[in-house]
Structure formats: C-alpha cells, structure tokens
Amino acid sequence: MADLTAVLGPLQLPNPVLVASGTFGYGEEYGTYIDLNRLGGIMVKGTTLHPRRGNRPPRIVETPAGLLNSVGLQNPGVDAVISEELPKLKELKCPVIVNIAGSTVDEYAQVAARLDGHPTVAALEINVSCPNVNEGGMAFGTDPAMVREVVQAVRGSTDLPLICKLSPNVGDIVQVAEAAVEAGAQILSLINTVLGMSIDVGTRRPTLTNVFGGLSGPAIRPIAVRMVWEVYQALRVPIIGMGGIASGRDALEFILAGAGAVAVGSANFTDPGVCLKIIRELEEYIEAQGLDGLSSLVGAAHP
Amino acid sequence: MADLTAVLGPLQLPNPVLVASGTFGYGEEYGTYIDLNRLGGIMVKGTTLHPRRGNRPPRIVETPAGLLNSVGLQNPGVDAVISEELPKLKELKCPVIVNIAGSTVDEYAQVAARLDGHPTVAALEINVSCPNVNEGGMAFGTDPAMVREVVQAVRGSTDLPLICKLSPNVGDIVQVAEAAVEAGAQILSLINTVLGMSIDVGTRRPTLTNVFGGLSGPAIRPIAVRMVWEVYQALRVPIIGMGGIASGRDALEFILAGAGAVAVGSANFTDPGVCLKIIRELEEYIEAQGLDGLSSLVGAAHP
Amino acid sequence: MLTTVRKNTMLTDRIYRLTLSAPQVAADAQPGQFVHVRTVPPTSWDPFLRRPLSIHDCSREEGIIALLYEVVGRGTTLLSRLRPGDEVDLLGPLGRGFTLVPDRRPVLVGGGLGLAPLLFLARRLREARQRPVVLVGCRRGSDVVAIDDFAALDCKVEVATEDGSLGCKGMVTTLAEKHLECEDAVYACGPRPMLAAIAGLCRGAGALLQVSLEEKMGCGIGACLVCACPTPKGYARVCTDGPVFWAEEVDLRG
Amino acid sequence: MLTTVRKNTMLTDRIYRLTLSAPQVAADAQPGQFVHVRTVPPTSWDPFLRRPLSIHDCSREEGIIALLYEVVGRGTTLLSRLRPGDEVDLLGPLGRGFTLVPDRRPVLVGGGLGLAPLLFLARRLREARQRPVVLVGCRRGSDVVAIDDFAALDCKVEVATEDGSLGCKGMVTTLAEKHLECEDAVYACGPRPMLAAIAGLCRGAGALLQVSLEEKMGCGIGACLVCACPTPKGYARVCTDGPVFWAEEVDLRG
Ligand SMILES: Cc1cc2nc3c(=O)[nH]c(=O)nc-3n(C[C@H](O)[C@H](O)[C@H](O)COP(=O)(O)OP(=O)(O)OC[C@H]3O[C@@H](n4cnc5c(N)ncnc54)[C@H](O)[C@@H]3O)c2cc1C
Ligand SMILES: Cc1cc2nc3c(=O)[nH]c(=O)nc-3n(C[C@H](O)[C@H](O)[C@H](O)COP(=O)(O)OP(=O)(O)OC[C@H]3O[C@@H](n4cnc5c(N)ncnc54)[C@H](O)[C@@H]3O)c2cc1C
Ligand SMILES: Cc1cc2nc3c(=O)[nH]c(=O)nc-3n(C[C@H](O)[C@H](O)[C@H](O)COP(=O)(O)O)c2cc1C
Ligand SMILES: Cc1cc2nc3c(=O)[nH]c(=O)nc-3n(C[C@H](O)[C@H](O)[C@H](O)COP(=O)(O)O)c2cc1C
Ligand code: FES
Ligand code: FES
C-alpha cells in the first residue's frame, strides 16, 4: 500500500486530499456517503466572531464547468462552532482545520484566540477574501499590506499552525504570498474563488442578489495551477492547492506544480465520493510509478 | 427587421457582434462557412512590427469548458499585413480592426504609424497583454502606468479610433481602464485571456512548451462579465465585451453589463457559424421585447 | 448511484416522464423527497451541477421511480435525450418529504410542474386509506399531464387553466378556496405566489398546510448552504430542512 | 454539419469504427483528409474543442464515411457511447490529403491508429488501378484491426508487432526497409519517430514520401495557428497546409 502521508511544515496529514472550506459544512452531511476518517483533512466552513445570516437567495448560479456562489459566510459564530460543531468532530481520525474570517483585523484575531489550543483543531486557515469594512469593503486579500496585518494579528493570537488562504483576484499572487509568509503563515492555501458575476437576461438584473459571486469548479483549474506554480517557484513554501480538482489527474497536476496537499470543493457537489476516488487514484499512480510516496512528486514539474 | 447598429464612440458597427483577434485569422478561412459581410466587424490577428515565428508546439491544451493557447503572436509583421492581407479585406462591408502588439512602447507606436490612415482599417485595437522586454517581461497590461505609456504613444502615432484591449490579470481592472481612457483610448475591449497553465501528468512537465497560456472560452465568461460591469459602472466608457461568448444569451449578458458590442473568439472553433447565430438571436430578442434597437439594453442591468 | 433508464416518454412538447430502474431509491423514498440528477456523462464537466427533481411516482415492488420534468434549460434538455438502457447518475432520495396527516381530509394542490411530487403522495395517502382531492392549475390545457394517473388511484381531480381550455378558467387558488370548506389538510407544490395565496387561505380556514419549495442547489445534501430559504429563525436549507415545510416554518414572500 | 450514426462498432477493447451518414462529406472527401468532430451535444461546453479524426473509409454512392478511432481520453470516450440514430456534428472534409502518385509502386505504412486514413487511400489507389502494399505496425497483435478490409480490396498486407504475437516481431520500419527495394511511393501515417525513420529510409532509397501528421487543433480550418508544425520556412498549419505533407516540407524531429 502506497504511503500517502503529506507533510506541510508543522502540519502532517494522513493523505494529501482535504475537503475545501464552505463546500463540506462540518462534514456530517457527507458522512452518510463516505467514511470521513479516510480524508486527508476537513477544512470546515468559514467561521466569524458573531453568527452571520448570510446573503439573500439566490446564492448560486451555474456557469460553464463551474458555479458562482455568494453564501455570504453564513455560520453560527465561533462560540457555537466550539460548543456545537467541534465536539462532533472530536472522534474523527483526520485533522480538522478551521477556516476563519472577519470584517476587521481585530475580528480575525479574536476568532483565532478563541480557537487557540483547541484539541480538535489541527490548524487555522485564514480566509483573506473577506471585505475589510475599514477600507471601504476592499477585500483584505487584494493588498499585501492588509494580508500582512491580518496574518500578524492572527499569529499573535494563537500557536496553532497557520494557513493563509489567498485570493486569486490580484495581479501578482507572489507578492501577496510573500507578505503572508513573512507575517507568519507556515502554509498557503490557493486559490479561493475568482470574482465573477452573471446577469439574468430574463429579468435584466444580476442573477445573484449579492451581484458578485465567487467562481469555483473545473473552469478555474488552469488559473489555480498557474498560481500554485508561481508561488512554489518563487517561495518553495508548503502549499495546499485547490480550484476545480475533480480527479486524481487534477490533484497530480497541483502536486506537480508544487502543492504538498490539495483540497476538493465544488466537485463534492457532483460526486460526494470524489475525494475517496481521488485518494485511490493517487495511490494507484504512486504504485504504478514505483514511487514510495508523494514527496518526490511535489513541485516535480519545475525545471 | 431590428436595427442592430452599434455605436461605440467614434466607431459605428452594422451590428454588435465582432470576431475576436487571433481566433479568426484574417477572415478568409471562415469565409467558406459564413458570409463575412454580415459580421459586426473583424478584429484581425495581433500584428507586430517584424514578422514573428510564434512559439514551439504544442500551443493549445483543452481545459474544462475552455482552452489555453500560447500561439506567441505568430504573424507576418505589419508590412506584410498591409501588402498581403489588408488588400484582401478591402471589399468587405464590415469594419476591419487591426490588433497591434509589441515588446516595447516604441514598437506599438511604429506599428500604429504604419497603419495610420489606411482606408481598410476602421480602428486599432491595442493588445497590452504582451510582455514588456524593458521591464523584465512583465506584461504592459498589468500596470496602469505602462498602459498609459503605450496608449499615449499609439495615440500620438495615429488618428484612427483607438481601442485598448485590457488584460484581466490584474487586481483592479478599473484602475487600468482609467489609465487607458485618460491616455486617449476611446473604446475598451475586455477581456483578453486569463493567465493559466496545465501540467501533463504523463511527462510531469508543463503541457505547453511556453509553460503559461491564455485561458479563453465559456469557462472565463463570469470573470469577463464582472470586469465589463465594473468598468462600465465606474467609467461609462464604450466597451467591446468578450470572453466565452457562444450564444445570443451570452452576448446579451455582456450588453446588459455595459458592453456596446461584443466579440466572439474561441466559440468559432466549436461552431464556425456561431456569430451569425448570435446576431440572429439578438435580432429575435429585440423584436420579441418590442425594442427598436440595442442602445436601451447597453448597461441596463445596472441599478 | 447509477440507475438505468426504462422509459423517457414525451408527454407534451415540453414535459417528459422519465422512468428509472432504481431499487434502492424506490425502497427508501417518501413522497415529497427528491433526487439530485447528473445530466452529463462522468467525462463532461458541463453542465456542472446536478438537477433536483421530485420523485413523481415510485414502486417499491418493481424497484422503479418516475420523474416528471419540464424542459426549461440545458440540464433538462440533456435529460430529454436519454433513451432506454442509458445510465443516469443520481443521489437520493433526499430531503424531508410530506408528513401524512391522519384523521384529516387531504387536498393536494399543484401549480404547473408542482404537480410532480403529488402523484407519489396520492399513492401513499391511498395506501393509508385516505382519499385526496387533487387540484391542478396550469397555464394552458395542453400543459395538463398525469391526470389519468390520479384517476387510476381513484382520486377526484379538478383542473383550472388560465386560458380556460380545460377545467375551470382561472387559478388553482380559486378551486382551493372552495375545497377548504370541507378539506383541512393541504399539501401544495407550485410557484411561490401560489403557495403564498394558499397559505393565506389556509390560515383563514384553519387548515394544515405543507408546501414543497424550490431553490437552486449545490450539494443537495445540506453542506453548502446555497439553497437558502428565509424563515423567522434565519435561513433554512431547502435541500435538507425541506423541500417540504409546514407553511408556518417559512417566509413565503422571500 | 449534422450527420447521423449508422453504426459504432467496438473492434477491440479500445478501438471503434464509427459509420456515419454524411453524404456531403462523402462526396467531397479525399484520402488523408479529416473531419473535426464535436463530442458533446450543443448544450454542453465541455469537452469544448472538436476532435480531428481521419476519414477511414468513404462511400460516395452510399453517402457514408467511416472513422476508426482509439479511446484515449474524454472526447473519444464520449464518441464510444454513440449509438445508431444519434446525431454527430462535424466539420469537413478538412485539410490537404494524399497526392496519388501515378506510375509509381505504392506502399502504405501505418503505425498504430495511423492505419486509419490508409484504407480510404487504398480504395482510391485501387480505383486508379494501382495495387498498394500495406504495412501495419502495432504494439500487440490484439491491436491490429481493419486487415480484412485491405484484403477485400485485394491489397497485400504485412503486419509487424512489437510483441511478435502477429506477423513479424519488430517494427514496421523493418518491413518498410525491405519493400523500398521495389516500391517507390510511400504514404505513411503514425507516430513521429516512425515517420522520421521512414523518411530516412526513403531518402536513402530515393522513394517519394508523404506523411500524415498530428497536432492538437483549435479551429481545424487554418485560422487560429495553434496546430503548428515546424518546417524549414517557419511553422506550417497541420490542419490546412497538412495533415499530409511531402516529407521534405516538414521537420519531422520537431
Ligand atoms: C426540490 C426540487 C424539486 C423539483 N422537482 C421538479 C420536478 O419534479 N419537475 C420539474 O420539472 N422541475 C422540478 N424542479 C425544478 C428543476 O430542478 C429545474 O427545472 C431544473 O433544475 C432546471 O434545470 P435546467 O438545466 O433545465 O435549467 P437551467 O435554467 O439551465 O438551470 C440552471 C441552473 O439553475 C437551476 N435551476 C433552474 N431552475 C430551477 C428551479 N426551478 N429550481 C431549482 N433549481 C433550478 C438548475 O438546477 C441549474 O443549477 C424541482 C426543484 C427543486 C428544488
Ligand atoms: C489530422 C488528424 C487525424 C487524426 N486521425 C485519427 C484517427 O483517424 N483515429 C484516431 O484514433 N485518432 C486520430 N487522431 C488523433 C485524435 O485526434 C486524438 O486521439 C483525439 O483527439 C483524442 O481525443 P480525446 O478527447 O479522446 O483525448 P484527450 O487527451 O482528452 O484530448 C485532449 C485534447 O488533446 C487533443 N489531442 C489528444 N491527442 C491528440 C492527437 N494525437 N492528435 C491531435 N490532437 C490530440 C484532443 O483533440 C483534445 O483537444 C488524429 C489527429 C489528427 C491531428
Ligand atoms: C458554496 C461555497 C462556499 C465556500 N465557502 C468558503 C468559505 O467559507 N471560506 C473559504 O475560505 N472558502 C470558501 N469557498 C471556496 C472553496 O473553499 C475553494 O477555495 C474554492 O471553491 C475553489 O475550489 P473548488 O473549485 O474545488 O470549489 C467556498 C466555495 C463554495 C463553492
Ligand atoms: C488562439 C487564440 C489566439 C489569440 N490571439 C490574440 C491576439 O493575437 N491578440 C489579442 O489581443 N487577443 C488574442 N486572443 C484573445 C481573444 O481575442 C479573446 O480576447 C479571448 O480569447 C477571450 O475571448 P473568447 O473566450 O471568446 O475566446 C487569442 C485567443 C485565442 C484563443
Ligand atoms: S444545496 Fe447544499 S445545502 Fe442545500
Ligand atoms: S487548428 Fe486552427 S489553424 Fe490549425
């Protein structure tokens, strides 16, 4: 049996296939379709300081080979996550990573502080794609200085391994990645959704109540692979690659580009069993190629 | 019969459906499939000062609902375009727009100067997605200052209507759009291809010899619509929208977002008759809605 | 789960009935539940999302289910091309179905394709020795389908069409209003405005009302939160908290 | 152009022959030309690109063409699901085909699925009263197809397989070398290394060589320049300057 262990800085995963934040809830629902213990890890949904209602529907629109979503970070708030959700995940064999979000630097720090040292939490993933209310709603993740500030604040609030999840809606992803790493992120997740929109030609209005939405699914895979490649090339930092992964082949593409692990989001909607299928395909590949693990493949496409 | 005339600043088109640069050659080849005279306009392929061989194959890789290309601006150079290609387009009823490219600001200006006043040329479209050799290969289009410089130089070399074709690989498209307009572009084309890449898991090397490629096709439509929306919202400038258009519905989405005309690229590969189909569908829509033309639809999705 | 097409029958120019061999779904299904259907083969990523379709009819014994669908867009167009022997990948049965209310007189109200889940419901009500009245509202008479199937279950069926070409001319709500004088357990599926109107009538008449709602879906199993439906207590998920709700649970204007 | 599937026959575990009603294509086609095939219905955008496939056989009289294809990826997997009566959207015939060289003795060399265009070519050569020798190279004997069809045209067929399970053990180039002592017009299709080797042999023997090349395509009609093939004079387009080239025209190492 191939050993798929993935080591990303301070984080060790039983295999490199995680589920992406926001697409998998707290795992429960998918538990009837797959054995959650076999996942490389679960990145639970974006958690904020206070409960959030989320956006008015419609929150989703299908696009070619993908979808736009504008859930609007609906979540019960960090305290409820700690009291209601994390206890249910306690017995799980795979690592649980909590994705945290906020509207201000301080909110991120507070959420991190409450989760610090929680025995069920293996790492925090900082979602910097949220609008910064103090900067006119500009997303934190589009400005290296704001990313630095958020990561530093979170770093000061917890000793948990820190993943910074980058937004692809930037001109130079390497600059933002650098800022995140300098500020203390040990791992980078990329990419979050690409900003997009759709117009309903019937009503002649934006399809999503929120106007803009985040594009995900196979459509964005070439963009995501490129960004993983660029960041790995420049920084050789541990990366969790994501964006449109739906098969073992896709996962390998990210790994060869430099990702030490991958996360699967939208493809779970198409096939709830897709993650286990990907793990199986990776095992088969490694055995067929006579490798003894993943590590020699990470970034192997670089010259 | 619905009147589909599209007016974009100094440029008047018989209908709003153009073909996008680089996907349609100089029209000739498609002439056996459709009556070219019925197009809203032809944007011929990127033209540089000197002939360019282009990149080593493979130059294309299919991606979910799209494709990556790295043709590398293969073209015979502006002089051959003037002596060999433009004469063949002289009798065409629809406007011909020449897409110009360069590695230096001066090259853009020189190409523009040679085309200035040419009777077959209705407008120039400046492709700013090319690498600037004087800035370490950084694409002109990713920096508002470089865009300003290029557009100004071209503006100084020709009296032809000027379209600036923006690159989507930026954090803030409005900033770049503003620079282009201030420098003298009367019309904006958006979007050019999105930077992407693909890795061949068989060879474990990038699939394209050029490593990176430009993503086009339906996959990028939500990104393109969003950028047209943002630029129209901020600047109310004439826009030619493109990126994944493959149906009348798609074209309407761009028009409602703020595009006065649209261009169709990759979809021609799937269906050489797609542009005429789109024109027909727009006519049907306008008649069904009892409108007397397009103009009331342009930007109509904005509040 | 892979199922096999038995039949895909064109009922009108736009409405089809798809019959599938799906023993597991048939064994577990409750009326009002739905299946989440992939419309392309596994090698295609477009259309990407599954399509939610109510279970229209179900036979445990034969291991088959039927779906009743209208061709409205890309996914349903692809479904309409399926032929006997083709494979269809679906998830289900999903969601919370109708609660069969004992000791009450049932009336089933379907607006347009909202009729879809009501045949299976009627079948189960009959098995529970209740005899529902079925009210069907459609734009045109030519859109009315499945009437015979209700009749075969010995249910009384009344039809209202907007153009008056079949049954009464008018809205199904007018039929419903009349029936609320005797029937007092209402099961409704159809457009929001119809459901809101029915809810008003039921409040007035003191009838119990369950409504089946629609919202665009991602996962279909409760994980992604895109299928939000406003309720007095925040947003509920149509895919798992519904699609069937008690009228009081949801905000039908939203 | 919409064509209709007559038959889609599985020949081996991976190789199929697709027979299409396509009178216009059949009327115009020349051996060595190809068709550009859409693998999904018009409502799906994935896979997005058409697939180039050589015209394997063609009957003007019956208005049918045949394609011989190997299932290698997403598009060909979708093609393998086609059934009689299904519609297939294709463009063609496209590209420059083989030039029939009169007064020379023809030998046809096919490596793997490079065999595909050679049956139609053999048919036209027979019509021109030439009698080609056909040399077929494959990995395994179980991959060898269409031999009977060549035999039915009264062509001499020789097979080489790498595992020796059919015909000679070895490469098709070894067979070719022997034949270049008498045959002097070579028509070849197969992997680049095979073509490069054949080109070397032909140069030595003074034989005329035409090769059919493959490259990934976008438009398939000469407009997009993605199907570049290196030549001494810059890049040629495989889709319109080829797919068949005189060996001298192209750089076969590229
Ligand atoms: C619980 C539930 C049960 C349903 N049962 C039936 C049924 O039995 N028969 C039937 O004909 N229809 C039913 N619908 C509606 C059906 O799901 C849509 O008509 C169908 O998804 C349209 O797909 P399309 O690709 O043809 O349309 P498109 O417009 O191309 O679809 C685009 C996207 O929007 C979604 N969408 C479009 N319309 C709806 C809608 N009304 N509700 C939810 N999502 C939508 C699609 O699923 C897809 O993701 C039901 C919807 C829900 C939520
Ligand atoms: C002129 C020409 C004639 C051909 N004739 C035949 C034939 O008669 N029989 C046959 O089996 N094959 C033939 N091929 C190869 C055939 O086009 C590919 O096998 C097919 O496109 C693979 O598609 P896929 O979706 O299954 O593979 P995928 O790998 O999923 O395809 C991905 C993309 O790469 C392209 N691609 C993959 N392999 C090739 C290839 N070898 N050549 C060109 N493009 C490729 C596809 O078209 C598609 O755009 C021919 C190729 C060319 C250029
Ligand atoms: C419905 C939905 C909700 C999401 N919610 C979050 C979230 O709360 N936090 C976050 O960081 N990313 C969120 N994402 C982004 C995904 O985690 C992932 O980065 C993105 O979808 C790309 O991966 P994919 O193409 O595999 O879906 C969400 C994506 C979707 C589709
Ligand atoms: C093969 C190919 C070649 C292209 N060449 C050029 C070019 O020379 N100049 C340019 O400005 N854009 C070029 N483009 C970009 C297109 O004009 C268009 O902006 C882009 O493809 C998005 O539109 P689409 O999705 O409809 O293809 C090219 C695109 C493709 C696919
Ligand atoms: S569709 Fe995902 S929660 Fe309902
Ligand atoms: S495929 Fe477009 S030029 Fe050959």
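## A short note on the interface of chain A and chain B
Then, number 1: Taken together, the 42 residues of chain A in the interface contact 42 residues of chain B.
Then, number 2: Both sides together, the interface formed by chain A and chain B hides about 3400 Å², and carbon and sulfur atoms give 66% of it.
Then, number 3: By the criterion of area lost to chain B, the three top residues of chain A are I199, V201 and R204 of chain A, representing 20% of everything that side buries.
Then, number 4: Here chain A and chain B share 0 salt bridges between them.
Then, number 5: The tally of links from chain A across to chain B stands at 14 residue pairs in polar contact (both at pLDDT 80 or more).
Then, number 6: Contributing elements (two or more residues each) for the side of chain A that touches chain B: strand 11 (194-197), strand 13 (205-206), strand 14 (212-216), helix 5 (221-235) and helix 6 (248-257) of chain A.
Then, number 7: When the residues that make up the side of chain A that touches chain B are grouped by side-chain class, the tally is 28 nonpolar, 7 polar and 7 charged.

## Thoughts on the relation of the copies chain A and chain B
Then, number 1: Superposition of chain A onto chain B requires a rotation of 180 degrees combined with a translation of 0.0 Å along the rotation axis, giving an RMSD of 0.0 Å. These values place the two chain copies in the arrangement generated by a two-fold rotation axis.
Then, number 2: Of the residues that chain A buries at the interface, 100% are likewise interface residues in chain B, meaning the two copies contact each other through the same surface.

## Some words on the site of ligand 2
Residues and elements named next belong to chain D.
Then, number 1: Taken together, 21 residues are adjacent to ligand 2, and R51, P52, G75, T76 and E214 come closest.
Then, number 2: Residue P52 places a main-chain N or O atom 2.6 Å away from an oxygen atom belonging to ligand 2.
Then, number 3: Contact distances for ligand 2 include 3.0 Å between an oxygen atom and a backbone N or O atom of E70.
Then, number 4: Taken by itself ligand 2 offers 820 Å² of open surface, and the protein chains cover 85% of this.
Then, number 5: Looking at the shell around ligand 2, the elements with two or more residues in it are strand 4 (51-54), strand 6 (64-70) and helix 2 (74-80).
Then, number 6: Here the residues of the shell around ligand 2 sort into 11 nonpolar, 4 polar and 6 charged.

## Observations concerning the site of ligand 4
Residues and elements named next belong to chain B.
Then, number 1: For ligand 4, the set of nearby residues contains 21 residues, the closest of which are S21, K165, G217, G244 and S266.
Then, number 2: Contact distances for ligand 4 include 2.7 Å between an oxygen atom and a side-chain N or O atom of K165.
Then, number 3: Contact with the protein chains covers 95% of the free accessible surface of ligand 4, which is 600 Å².
Then, number 4: Of the residues contributing to the shell around ligand 4, the split by class is 5 nonpolar, 15 polar and 1 charged.

## Side note on the packing of helix 5 (residues 172-179) of chain D against helix 6 (residues 192-205) of chain D
Residue and element names in this part refer to chain D.
Then, number 1: Between helix 5 and helix 6, the least distance of the axes is 10 Å, while the angle of their chain directions is 20 degrees. In this view, helix 5 runs roughly parallel relative to helix 6, as classed from their interaxial angle. Here helix 5 runs over helix 6; the crossing is right-handed. Between helix 5, through V172, T173, A176 and E177, and helix 6, the contact on the second element is made entirely by M194, A197, I198 and L201.

## Quick notes on the pairing of strand 3 (residues 34-37) of chain C
Residues and elements named next belong to chain C.
Then, number 1: By the alternation rule, side chains of strand 3 split into F34 and H36 and V35 and V37, which are all buried.
Then, number 2: Bridging between strand 3 and strand 4 (residues 51-54) involves 4 bridges; their strand directions are antiparallel. Residue F34 lies in a different strand from strand 4, and its bridge partner there is S54.
Then, number 3: Here strand 3 pairs with strand 7 (residues 87-94) via 3 bridges, running antiparallel. Paired with F34 across the bridge in strand 7 is L94.

## Regarding the domain arrangement of chain C
All names here are of chain C.
Then, number 1: Each assigned domain of chain C is listed here: domain 1 (2-94) and domain 2 (105-249).
Then, number 2: If you average the C-alpha positions of domain 1 and of domain 2, the two centres end up 21 Å apart.
Then, number 3: Counting each side, the surface lost to burial between domain 1 and domain 2 is near 2000 Å², with a carbon and sulfur contribution of 62%.
Then, number 4: Three residues, P31, H56 and L68, lead the burial of domain 1 against domain 2; their summed loss comes to 25% of the area buried on that side.
Then, number 5: Linking domain 1 to domain 2 there are 3 salt bridges.
Then, number 6: Among the elements of the structure, strand 2 (15-21), strand 3, strand 4, strand 5 (57-59), strand 6 (64-70) and strand 7 are those that each provide at least two residues to the side of domain 1 that touches domain 2.
Then, number 7: Top element by residues in the side of domain 1 that touches domain 2 is strand 6. It accounts for 3 residues.
Then, number 8: Looking at side-chain class alone, the side of domain 1 that touches domain 2 contains 13 nonpolar, 6 polar and 6 charged residues.

## Here's the deal with the pairing of strand 12 (residues 185-189) of chain D
All names here are of chain D.
Then, number 1: Counting buried positions over the 5 residues of strand 12 gives 5, a clear majority of the element.
Then, number 2: Burial along strand 12 is two-sided: the residues A185, Y187 and C189 and V186 and A188 are all buried.
Then, number 3: As judged from the 5 bridges shared by strand 8 (residues 106-111) and strand 12, these two strands associate in the parallel manner. Directly across from V107, in strand 12, lies its bridge partner V186.
Then, number 4: Looking at chain direction, strand 12 and strand 13 (residues 208-212) are connected through 5 bridges and run parallel. Opposite A188, over in strand 13, you have V211 as the bridge partner.
Then, number 5: For the handedness criterion, the β-α-β arrangement of strand 12, helix 6 and strand 13 is classed as right-handed.

## Looking at the confidence of the model for chain C
Then, number 1: Residues at a pLDDT of 70 or more form 100% of chain C, whose mean pLDDT is 95.
Then, number 2: On the interface metric, ipTM, the complex scores 0.97, and its pTM is 0.98.

## What about the side chain of T48 of chain B?
Residues and elements named next belong to chain B.
Then, number 1: Within the secondary structure, T48 is located in the loop between strand 4 (41-47) and strand 5 (60-63).
Then, number 2: There is a polar contact of 2.7 Å between the side chain of T48 and the backbone oxygen of H50.
Then, number 3: The residues contacting T48, other than those within four sequence positions of it, are L73, N75, G77, V78, A101, E107 and V111.

## A short note on the environment of T158 of chain A
Residue and element names in this part refer to chain A.
Then, number 1: Residue placement: T158 occurs in the loop between helix 3 (144-155) and strand 9 (162-165).
Then, number 2: On the accessibility criterion, T158 (2% relative accessible area) is buried.
Then, number 3: Residues T158 and R114, spaced 44 residues apart in sequence, show a C-alpha to C-alpha distance of 8.6 Å.
Then, number 4: Those residues in contact with T158 that sit more than four places away from it in its chain are A112, D116 and L124.

## Side note on the sheet that holds strand 4 of chain B
Residue and element names in this part refer to chain B.
Then, number 1: Spatially, the 8 strands close up into a barrel ordered 3-4-7-8-11-12-17-18, and their pairing is parallel. On average, each strand axis in the sheet is inclined to that of its neighbour by 25 degrees, with strand direction left out of account.
Then, number 2: Note: strand 17 (residues 239-242) against strand 18 (residues 261-264), 3 bridges, orientation parallel. Bridge pairing in strand 18 places G241 opposite V262.
Then, number 3: The strands that helix 5 (residues 221-235) touches are strand 12 (187-190) and strand 17; relative to strand 17, the one it contacts most, it runs at about 165 degrees.
Then, number 4: Where helix 8 (residues 274-288) meets the sheet, it contacts strand 3 (17-19) and strand 18, and its direction lies at approximately 170 degrees from that of strand 3.

The rules behind these values
- Residues numbered from 1 in each chain as written.
- Chains lettered and ligands numbered in written order.
- Predicted model: local features only at pLDDT ≥ 70, side-chain atom pairs only at ≥ 80, totals over all residues.
- Heavy atoms only, no water.
- Contact = heavy atoms within 4.5 Å.
- Buried area = accessible area lost by both parts, 1.4 Å probe.
- Salt bridge = Lys/Arg side-chain N within 4 Å of Asp/Glu carboxyl O.
- Polar contact = N/O pair within 3.5 Å; in protein donor to acceptor, adjacent residues only side chain to side chain.
- Helix = DSSP H or I, 4+ residues; strand = E, 2+ residues; numbered from the N terminus.
- Nonpolar A, V, L, I, M, F, W, Y, C, P; charged D, E, K, R; others polar.
- Least-squares fit on C-alpha atoms with pLDDT ≥ 70 in both.
- Near = heavy atom within 4 Å.
- Areas by Shrake-Rupley, 256 points an atom, 1.4 Å probe, with all protein chains shown as cover.
- Axes fitted to C-alpha atoms, helices over the stretch in contact; angles between N-to-C directions.
- Parallel < 35°, antiparallel > 145°, perpendicular 65-115°, else oblique.
- Left-handed = near helix turned anticlockwise from the far one by under 90°.
- Buried < 20%, exposed > 50% of the residue type's maximum accessible area, 1.4 Å probe, protein only.
- Pairing = 2+ DSSP bridges.
- Domains from an automatic or database assignment.
- Right-handed = clockwise from strand over helix to strand, strands pointing away.
- pLDDT = per-residue confidence, 0-100.

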